[in-house]
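Working through the structure, step by step
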Amino acid sequence: MKQEMQATLKGIDIRFDEPLKQYTYTRVGGPADYLAFPRNRYELKYLISFAKAHDIPWMILGNASNIIVRDGGIRGMVIMFDRLNSVSVDGYVIEAEAGANLIETTKVAQYHSLTGFEFACGIPGSIGGAVFMNAGAYGGEIAHVLISATVLTADGEIVTIENRDMAFGYRHSVLQDNGAIVISAKFGLQPGDYTQITQEMARLTHLRQLKQPLEYPSCGSVFKRPVGHFAGQLITEANLKGHRIGGVEVSQKHAGFMINIADGSAADYEQLIAHVIEEVKAMSGIVLEPEVRLIGEYQTSKD
C-alpha cells in the first residue's frame, strides 16, 4: 500500500507510521498509519478519494488543538490542514482556509483595522476547528462573525453553508452532526479604530496570560461550562487543583486546564479526566462534560 500511495498520490506530503505527539497541542498521541498534509482542496479530494477507493479509514485532525490522541495512535489516514492556511481580506470580509491559525487571523483583522474578531485573539487552534466547535471567549463566538463556510461533505461534494444553516449552539455546529469538513470560512467584520482594536487585543491577551497555563502543553479548556456553574470553580471546590496522574496535572493556575508537565501520556489525560468527573459529581452532584475530544486507539501491551 505504501508504494501504491506514493505512486498514485505523488507530490503530496504523506508520512508513514508518524507519531502524532509531535503535532498535537497536548504532546501526546501514538502513530498514524498515514499522515498527510494537503496543500489545497484538490489534494484533499485526491487523498479522500484514494482512501475510499482502498477502504482506508480516514479522518481530519485540523491542527490538533482541542483533541487528545490516544497512545495507540490512529489506524488509516490522518489528514492535517497546516498547509491549507491562506488568509485574504476583501473590504470588511476576511476569508481564511481551514488550517489558518485563528490567533494569526485575528491579527490580520487588526492590521486592516477590522473589529469584531478581538474575542478570538487568544484562542489556540485553527479556523476549521473554531467553526466546527463554535469557539468563543469573553462574550464573543464564531457564530457572531461567520458569514459562511465552504465544506467538503461526507459524500465528497464541495458546498457552501450559510451562517443561518450552521445550527450554532454552545460549542456546537451542524458540522458535528453531518460529518462535513471545513475547507475555508468567511467572516464579516466592521471598520474600527486600529488603536482601540490593538488595546482590546492586548487586554484580552493579558487576561489569558494571567489566568491560563499557556507555558505548558495542554488541550485548552477540558470541560464544557455546566449550566449555572463554571467547571474550573467546581474542580477547585473539589480540591483537585494540582492533582496529578502520571505526567498530567490539573493546573494550579486554572483548574479548567490539564497540563502535560512531565512527558505525560494520553492515558494519563484520560484517567485524570475520569477522576475529575467522578470527584466533582461526588462533591456537587454535577456531571462535567468534556469539551476536548478523545480519539484513536488504546495502546496494547507488547508482552
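See above for the structure.
Residues numbered from 1 in each chain as written. Predicted model: local features only at pLDDT ≥ 70, side-chain atom pairs only at ≥ 80, totals over all residues. Heavy atoms only, no water.

What follows concerns the packing of aromatic side chains. Applying the stated rule across the entire model yields four aromatic pairs. The interplanar angle of 85 degrees and the centroid separation of 5.8 Å between the aromatic rings of Phe16 and Tyr34 together place this pair among those described as edge-to-face. Remark: Tyr34 occurs in strand 2 (residues 31–37) and Phe16 occurs in strand 1 (residues 13–19); sequence separation between them is 18 residues. The class of Tyr34 is buried, set by a relative accessible area of 17%. Relative to Phe119, the ring of Phe117 lies with its centre 6.0 Å away and its plane at 40 degrees, an arrangement referred to as tilted. Given a relative accessible area of 1%, Phe117 falls into the buried group. Residue Phe119 is classed as buried on the basis of its relative accessible area of 8%. (Phe/Tyr/Trp six-rings, centres within 6.5 Å; stacked < 30°, edge-to-face > 60°. Helix = DSSP H or I, 4+ residues; strand = E, 2+ residues; numbered from the N terminus. Buried < 20%, exposed > 50% of the residue type's maximum accessible area, 1.4 Å probe, protein only.)

Right, let's talk about the pattern of salt bridges for a bit. Working definition: two side chains of opposite charge can pair if their charged atoms are close together. If you walk through the whole model with that rule in mind, you get 12 salt bridges. With its nearest N and O atoms 2.5 Å apart, the salt bridge here joins Arg39 to Glu43. According to the relative accessible area criterion, Glu43 is buried, its value standing at 8%. Glu270 is the salt-bridge partner of Arg70, the closest N and O atoms lying 3.1 Å from each other. You can see Arg70 sitting in the loop between strand 4 (67–69) and strand 5 (74–80) and its partner Glu270 sitting in helix 8 (residues 266–284), a full 200 residues away along the chain. The burial state of Arg70 is the same as that of Glu270; both residues are buried. Each of the salt bridges in this network shares a partner with another, and the network as a whole consists of Asp13, Arg15 and Arg83. (Salt bridge = Lys/Arg side-chain N within 4 Å of Asp/Glu carboxyl O.)

Attention now goes to the packing of helix 3 (residues 102–111) against helix 6 (residues 194–211). The contact between helix 3 and helix 6 brings their axes to 9 Å, and the two run at 155 degrees. Considering their axes alone, helix 3 and helix 6 lie roughly antiparallel with respect to each other. Along the contact surface, helix 3 presents Thr106, Lys107, Gln110 and Tyr111, while helix 6 presents Tyr194, Ile197, Thr198 and Met201. Its residues assigned to classes, the contact of helix 3 with helix 6 comprises four nonpolar, three polar and one charged. (Axes fitted to C-alpha atoms, helices over the stretch in contact; angles between N-to-C directions. Parallel < 35°, antiparallel > 145°, perpendicular 65-115°, else oblique. Contact = heavy atoms within 4.5 Å. Nonpolar A, V, L, I, M, F, W, Y, C, P; charged D, E, K, R; others polar.)

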